[in-house]
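Next come the chains, spelled out residue by residue.
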Amino acid sequence: MVKINWHTLSGHLILIIGALFMTAPVWVAFMSSTHSAETLFRDGLQVWPGGHFFSNYNEVLFEEGGVMKKVTASRMLLNSLTLGVGFAAGKVVISMLAAYAIVYFRFKLAAPLFWIIFMTLLLPLEVRIIPSYEVVAKMHLLNTYTGLILPLIASATGTFYFRQFYKSVPEELLEAARLDGANAWRFFIDILVPISKTMIAAILIIMFVVGWNQYLWPLIMTTDENNYTLVIGIKQIYQVLSEGGELPQFQKAYALTILATLPPVAVVLVFQSWFVKGLVESEK
Amino acid sequence: MSTVKLTNVNKTYANGAHAVRGVNMDIANGEFIVFVGPSGCGKSTLLRMVAGLENVTEGDIHIDDERINDVSPSERNVAMVFQNYALYPHMSVRGNMSYGLKNRGDTKEEIYEKVVAAAKTLHIEDFLDRQPNQLSGGQRQRVAMGRAIVRNPKVFLFDEPLSNLDAKLRVQMRIEIKKLQRKMGVTSIYVTHDQTEAMTLADRLAVINNGRIEQMGKPIELYKDPKTLFVASFIGSPQINLISVQFDGNLLKSGKLEIEGFKNLPTDENLVLGIRPEHLRTNDNGPLRLKIDLVEQHGADNLIYGTLIDAVSEAGGDLEICLRVNQKQEPQIGDVLKLEYDHENALVFNKDTGLRLV
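Residues numbered from 1 in each chain as written. Chains lettered and ligands numbered in written order. Predicted model: local features only at pLDDT ≥ 70, side-chain atom pairs only at ≥ 80, totals over all residues. Heavy atoms only, no water.

## Remarks on the overall build of chain A
Alright, step 1. Secondary structure summary: chain A contains 14 helices and 0 strands in total.
Alright, step 2. Moving toward the C terminus, one meets the helices and strands of chain A in the order α-α-α-α-α-α-α-α-α-α-α-α-α-α.
Alright, step 3. Relative to a compact globule of 284 residues, whose C-alpha radius of gyration would be 19 Å, chain A shows 24 Å and is clearly more extended.
Alright, step 4. Dimensions of chain A, computed from the C-alpha atoms along their principal axes, are close to 75 × 75 × 30 Å.
Alright, step 5. Residue burial in chain A is summarised as follows: out of 284 residues, 41% are buried.
Alright, step 6. Pairs at least 24 apart in sequence give 71% of the contacts found in chain A among residues at least 6 apart.
Alright, step 7. Put simply, chain A shows about 16200 Å² of open surface, and 70% of that area lies on carbon and sulfur atoms.
Alright, step 8. Side-chain charges in chain A split into 19 positive and 18 negative, and the spacing between the mean points of these groups amounts to 9 Å. (Helix = DSSP H or I, 4+ residues; strand = E, 2+ residues; numbered from the N terminus. Rg over C-alpha atoms; globule rule 2.2 N^0.38 Å. Buried < 20%, exposed > 50% of the residue type's maximum accessible area, 1.4 Å probe, protein only. Contact = heavy atoms within 4.5 Å. Areas by Shrake-Rupley, 256 points an atom, 1.4 Å probe, with all protein chains shown as cover. Lys, Arg positive; Asp, Glu negative; His and termini not counted. Charge placed at Lys NZ, Arg CZ, Asp CG, Glu CD.)

In structure tokens, the structure reads:
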């Protein structure tokens, strides 16, 4: 006799409903992006695939004037990727080095400096956005990748995580390395970075997604269409839609939205396997 | 061929703690020295100063006539085995063993040969390509030793290397460490709080208490001829029996208990009589009476714990003592045994200074 486990069944049911609830909007956006502008205008949102998948995405990705006046979605994708990767990598490098200094070098100001860094958690970008803008503008870095990324990469959160992690590394490891003739730099590169792999992967994932979704700073920073990120592009295209007198190009907006969600999803999927592997293997 | 010499070595931490106080020591080439003492006595600090992991506040450390106070740890050419092994978790066994050689600038061929040779000595050649987390505790301990011997150092330093192993492995590794050290003839310093390890491994033993060397010498000398109360009570298992006594010019007295046979002791000081469990014997005419509380059967012999009748402990209560007897003797709990002791092995200390008088 098959015994029905109601507990498991109800659990799965709730999970399935939750998953459907979360993915339904993505599905609708994706399906709507495969229809023509007329269909969308006449019949509203679509839940089944239409016949314009290739033409819509081709137009958005590669044709000048497809979405904006001249910039294409592929260019915006590149900009977003640069921002996401630069932002995440920059944060990891800066916070690893800062945490290394704070934990392993005994200098008098280590503790106060750490707390100052920690307190900047209270000051998000939005609070300092005007002075930051002024600094970047005076350095003639508007509409450049450097200007886009550099003001964002100092990270109290990252520094804090790495500090906690380094503190949990047994001191004997450092001592063994010193006896093995490793200087401060070698210890960092040969020992500390490899054993932080898990942490690095975790912070890269989180920070890439945060960087990718940056909105306010790129919005203020970039005036040239060529420097738009995808997120800004979406905002601009909706603005055009609501202002223009032509037939609204909703299918392109949806295509752009779908494109904007793909890279973070890919990054999470790829790094997740590393992440889990790291967690399983790094038993000390 | 290396000697180690410590001259009036002191260590004071920034918070004012005086961890090591005026240590002098000459270690001969190839000697196996063990530092033993209770937790926090400064034995590890002393070892770490030799390794270069702690600064020397005052005094000099020489290896082979070279003053090494200001020489960096890696240039002292010493190797250390840590309690928690401190293997690099992300490197294979081979990587762990080669790392120091690589930093020293040895060529790949040299490194390969040395690592294989060291691995053979320690019987870990089959694990060379494994990661530390795929090894058992004993194997990790071997790798940690391999990492030390592969560099062919002047001095081996061991910081409680066996404390993380189970009892059986500990005995096995202890024997192997001793054999290995004999074979290689490398001067070694070994820190432990386990007096069995200390007694069995050491050529010479330094008992450290409160940052000072209480006594240094061959293990058997420290056992037979301890200079202080601390050494007498630290060395020997089970612990020496200590009886607080006063001398009245003729007899040693503890409560109503009176013990004969001692002469020329000060009458105006608090004394302690120390008798080891193995120096007590049952004898129907003996002067001491013991009421049995507990019998521990260890196989070859039995340990009898009980109250020494008439004697008073320091706190004013019953005085517990222990005696070691042959396993054929199986006394019952509650029995009273009459005991005699080896007079020539009885030790008398000044209670306040801890120094031995007889």
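## Describing the interface of chain A and chain B
Alright, step 1. With 19 residues of chain A in contact, the opposing surface of chain B contributes 23 residues.
Alright, step 2. Summed over both sides, the interface between chain A and chain B buries roughly 1900 Å², with carbon and sulfur atoms accounting for 58% of that surface.
Alright, step 3. Sorting the residues of chain A by area buried against chain B places Arg178(A), Leu179(A) and Asp180(A) first, and these three jointly supply 37% of that buried surface.
Alright, step 4. Linking chain A to chain B there are 2 salt bridges.
Alright, step 5. For the salt bridge of Arg48(B) with Glu175(A), the shortest nitrogen-to-oxygen distance reads 2.7 Å.
Alright, step 6. At the boundary of chain A with chain B, the tally comes to 10 residue pairs in polar contact (both at pLDDT 80 or more).
Alright, step 7. Secondary structure elements with two or more residues in the side of chain A that touches chain B: helix H9 (171–179) and helix H10 (184–195) of chain A.
Alright, step 8. Of the residues assigned to the side of chain A that touches chain B, the class counts are 9 nonpolar, 1 polar and 9 charged. (Buried area = accessible area lost by both parts, 1.4 Å probe. Salt bridge = Lys/Arg side-chain N within 4 Å of Asp/Glu carboxyl O. Polar contact = N/O pair within 3.5 Å; in protein donor to acceptor, adjacent residues only side chain to side chain. Nonpolar A, V, L, I, M, F, W, Y, C, P; charged D, E, K, R; others polar.)

## Here's the deal with the sheet that holds strand E1 (residues 4–12) of chain B
Residues and elements named next belong to chain B.
Alright, step 1. Pairing is antiparallel in the open sheet, where 4 strands are placed in the order E2-E1-E4-E5. Looking along the sheet, the strands with just one partner apiece sit at the ends: strand E2 (18–27) and strand E5 (66–67).
Alright, step 2. Helix H1 (residues 43–51) contacts E1, E2 and strand E4 (58–63) of the sheet and is inclined by roughly 120 degrees relative to E1. (Pairing = 2+ DSSP bridges. Axes fitted to C-alpha atoms, helices over the stretch in contact; angles between N-to-C directions.)

## Thoughts on the confidence of the model for chain B
Alright, step 1. Mean pLDDT over chain B stands at 90; residues scoring 70 or higher make up 100%.
Alright, step 2. Two summary scores accompany this predicted model of the complex, namely pTM at 0.81 and ipTM at 0.84. (pLDDT = per-residue confidence, 0-100.)

## Comments concerning unusual backbone geometry
Residue and element names in this part refer to chain B.
Alright, step 1. Here the amide bond leading from Ser237 into Pro238 is cis, since omega sits at -5 degrees, within 30 degrees of zero.
Alright, step 2. With respect to the helices and strands, Pro238 occurs in the loop between helix H8 (229–234) and strand E11 (241–247).
Alright, step 3. In this model, Asp64 sits at a positive phi of 50 degrees, which is unusual for a non-glycine residue.
Alright, step 4. The residue Asp64 is located in the loop between E4 and E5 in this model.

## Details of the pairing of strand E19 (residues 336–341) of chain B
In the case of a regular strand, side chains alternate between the two sheet surfaces.
Residue and element names in this part refer to chain B.
Alright, step 1. With burial as the criterion, only one face of E19 is covered, namely that bearing Leu337, Leu339 and Tyr341; the residues Val336, Lys338 and Glu340 on the opposite face remain uncovered.
Alright, step 2. With 3 bridges joining them, strand E15 (residues 280–282) and E19 adopt antiparallel strand pairing. Pairing of Thr282 across the sheet is with Leu339, part of E19.
Alright, step 3. Across 4 bridges, the pairing between strand E16 (residues 288–297) and E19 is antiparallel. Each bridged residue has a counterpart across the sheet, and for Leu288 the counterpart in E19 is Leu339.

## Let's talk about the pairing of E4(B)
Residues and elements named next belong to chain B.
Alright, step 1. Bridge count for E1 against E4 is 5 bridges, and the pairing is antiparallel. Counterpart to Thr7 in the pairing with E4 is Asp60.
Alright, step 2. Sheet topology note: the E4/E5 ladder contains 2 bridges and is antiparallel. The residue bridging Ile63 from the neighbouring strand is Glu66, located in E5.
Alright, step 3. Remark: 2 residues form the turn of the hairpin made by E4 and E5, two consecutive strands paired antiparallel; Asp64 in that turn has positive phi of roughly 50 degrees.

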